[in-house]
Amino acid sequence: MQHVIGLSGPRGSGKSTIAQHLVNEHGFERLAFSDVLREIANLAGPKQCNDRRYLSELGRLLRGYQPDFLLTIMKIKLERSSSRVVIEDIRFPEELRFCQLNGILTVCLDVTQTEQLRRIIKREQCSLQEAEELANMADNQHLNRFAKWDHVLFSEGDFKKLALSLSSLVALEET
């Protein structure tokens, strides 16, 4: 398998921003377990494909019918890719196990609760109460920094530097 980084961390930890830096500046392809959820949600309308509560509920429903559904889709997408890949959304224990079984470098981004809420409020343009609700959604609670990660990084400062550090980790594995 090509070299792949899997990012995890709570909402607002910088997963998407760091993944985008890896794409723009280091030649990675971006994938997410939730990509297929967005594709399905888009059938209900463009508003639904960015509604985090709707996507969370859709994921829960699909996992209830077929627990490996998102894992199977990710495997197919990885097999079709020929470049280095960053998976930006490891949220569940089975996704972490999938990454570990497939030799994917797993990185948990840790962030203080205060900074997490500040980032969510800014990104979602919502109130503190709404940010707390998003931070406390069930799909944000399955994994934490104490799971078995290859690396845990504190998500602060310049995200471009964090992306460079992650790209360097993959380069070391490639040698």
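Let us look at the structure shown here. (Residues numbered from 1 in each chain as written. Predicted model: local features only at pLDDT ≥ 70, side-chain atom pairs only at ≥ 80, totals over all residues. Heavy atoms only, no water.)

### Considerations on the overall build of the chain
Consideration 1: When you go through the chain residue by residue, the secondary structure sums to eight helices and five strands.
Consideration 2: When the elements of the chain are put in sequence order from the N terminus, they spell out β-α-β-α-α-α-β-α-β-α-α-β-α.
Consideration 3: Relative to the globule expectation of 16 Å for 175 residues, the C-alpha radius of gyration of the chain, 16 Å, shows essentially globular dimensions.
Consideration 4: C-alpha extents for the chain along the principal axes are approximately 45 × 35 × 30 Å.
Consideration 5: Out of the 175 residues in the chain, the part that is buried amounts to 45%.
Consideration 6: Looking at the chain as shown, the accessible area adds up to about 9,500 Å², and 51% of this sits on carbon and sulfur atoms.
Consideration 7: In the chain, 23 positive and 24 negative side-chain charges are present, and the distance between their average locations comes to 1 Å. (Helix = DSSP H or I, 4+ residues; strand = E, 2+ residues; numbered from the N terminus. Rg over C-alpha atoms; globule rule 2.2 N^0.38 Å. Buried < 20%, exposed > 50% of the residue type's maximum accessible area, 1.4 Å probe, protein only. Areas by Shrake-Rupley, 256 points an atom, 1.4 Å probe, with all protein chains shown as cover. Lys, Arg positive; Asp, Glu negative; His and termini not counted. Charge placed at Lys NZ, Arg CZ, Asp CG, Glu CD.)

### Let's talk about the sheet that holds strand 5 (residues 151-154)
Whether parallel or antiparallel, the strands of a sheet pair through hydrogen bonds between backbone atoms.
Consideration 1: The five strands are arranged 2-3-1-4-5 in an open sheet whose pairing can be described as parallel. Lying at the two open borders of the sheet, with one neighbouring strand each, are strand 2 (29-31) and strand 5. Pairwise comparison of adjacent strand axes, ignoring direction, gives a mean angle of 25 degrees for this sheet.
Consideration 2: As judged from the four bridges shared by strand 1 (residues 4-8) and strand 3 (residues 85-90), these two strands associate in the parallel manner. (Pairing = 2+ DSSP bridges. Axes fitted to C-alpha atoms, helices over the stretch in contact; angles between N-to-C directions.)

### Brief notes about helix 1 (residues 15-26)
Consideration 1: Helix length check: helix 1 (12 residues) gives 15 Å between terminal C-alpha atoms against 16 Å at 1.5 Å per residue, within 8%.
Consideration 2: Within the span of helix 1, buried status applies to K15, I18, A19, H21, L22 and H26. Seen along its axis, helix 1 keeps its buried residues to an arc of 155 degrees; they face one direction.
Consideration 3: Note on helix 1: the residue one or two positions beyond its end, G27, has a positive phi of about 75 degrees. (Expected span 1.5 Å × (residues − 1). Arc of directions from axis to C-beta.)

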